[in-house]
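The primary structure of each chain is shown beneath.
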Amino acid sequence: MDGNNIKNISEKTGERQSSCCHQKSTPRGQEELKLLKNRLNRITGQLNGIGKMLDENRYCGDILVQVAAVESALQSLAYRILQEHMESCVVEEIAKGNLDVIGETVELVKKLK
């Protein structure tokens, strides 16, 4: 699959997205949603901590260590969401015969690098 399979769905933002999986067919469970929100709240706390470190004019190396920790936490969150996407949306779309979802997923993985 290549870029020809991706449709521009947002002229305002210029973002591109495949037409195969616009809306999640299977809603996230409350436990999964809670887990994702907790992870996001921790990341927000880490970002606020970096802001405080900057305000305190802390050592650059210490700040960079915290930036790396936030990057790692965001990557972990993204992979969790990708796994959920593959186990639900992708499986559902393939079962419906929509193989375009494979190209969409490949594009999503590329964005996560």
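Computed from a predicted model, the values in this text were never measured in an experiment. (Residues numbered from 1 in each chain as written. Predicted model: local features only at pLDDT ≥ 70, side-chain atom pairs only at ≥ 80, totals over all residues. Heavy atoms only, no water.)

(A) Quick look at the nonpolar core. Counting seven residues, the largest nonpolar core consists of Leu36, Ile43, Ile50, Met53, Ile63, Val70 and Leu77. If you list the elements that add at least two residues to this core, you get helix 1 (30-55) and helix 2 (60-95). Looking at this core element by element, the count peaks at four residues for helix 1. Contact partners of Ile50, with chain neighbours within four places excluded, come to Ile63, Gln66, Val67 and Val70. (Core = buried A, V, L, I, M, F, W, Y, C linked by side-chain atoms within 4.5 Å. Buried < 20%, exposed > 50% of the residue type's maximum accessible area, 1.4 Å probe, protein only. Helix = DSSP H or I, 4+ residues; strand = E, 2+ residues; numbered from the N terminus. Contact = heavy atoms within 4.5 Å.)

(B) Representation of the packing of helix 2 against helix 3 (residues 100-111) within the structure. For the pair helix 2 and helix 3, the least separation of the axes is 10 Å and the interaxial angle reads 165°. The pairing of helix 2 with helix 3 is recorded here as roughly antiparallel in orientation. Remark: the crossing between helix 2 and helix 3 carries right-handed chirality. Along its contact with helix 2, which presents Leu82, His85, Met86, Val90, Glu93 and Ile94, the element helix 3 presents Val101, Ile102, Glu104, Thr105, Leu108 and Val109. Tallied by class, the residues present in the contact of helix 2 with helix 3 amount to eight nonpolar, two polar and two charged. (Axes fitted to C-alpha atoms, helices over the stretch in contact; angles between N-to-C directions. Parallel < 35°, antiparallel > 145°, perpendicular 65-115°, else oblique. Left-handed = near helix turned anticlockwise from the far one by under 90°. Nonpolar A, V, L, I, M, F, W, Y, C, P; charged D, E, K, R; others polar.)

(C) Representation of a nonpolar patch on the surface. On the surface, Ile94, Leu99, Ile102 and Val106 cluster together into a nonpolar patch covering about 320 Å² of accessible area. Mapped onto the secondary structure, Val106 falls in helix 3. On the basis of relative accessible area, Val106 is assigned to the partly exposed category, the value being 41%. (Patch = residues over 30% accessible without salt bridge, like charges linked within 9 Å, V, L, I, M, F, W, Y side chains within 5 Å. Areas by Shrake-Rupley, 256 points an atom, 1.4 Å probe, with all protein chains shown as cover. Salt bridge = Lys/Arg side-chain N within 4 Å of Asp/Glu carboxyl O.)

(D) The pattern of salt bridges, seen in detail. Enumeration according to the criterion identifies five salt bridges in this entry. Between Glu32 and Arg80 there is a salt bridge whose closest N-O contact spans 2.8 Å. With Glu32 in helix 1 and Arg80 in helix 2, the pair connects residues that are 48 residues apart, well separated along the chain. You can call Glu32 buried: its relative accessible area is 18%. The exposure class assigned to Arg80 is partly exposed, which follows from its relative accessible area of 29%. When the shortest N-O distance is used, the salt bridge between Lys110 and Glu107 registers 3.3 Å. Note that Lys110 and Glu107 are positioned in helix 3 at a spacing of three residues, about one turn of the helix. Taking relative accessible area as the criterion, Glu107 reaches 22% and is therefore assigned partly exposed.

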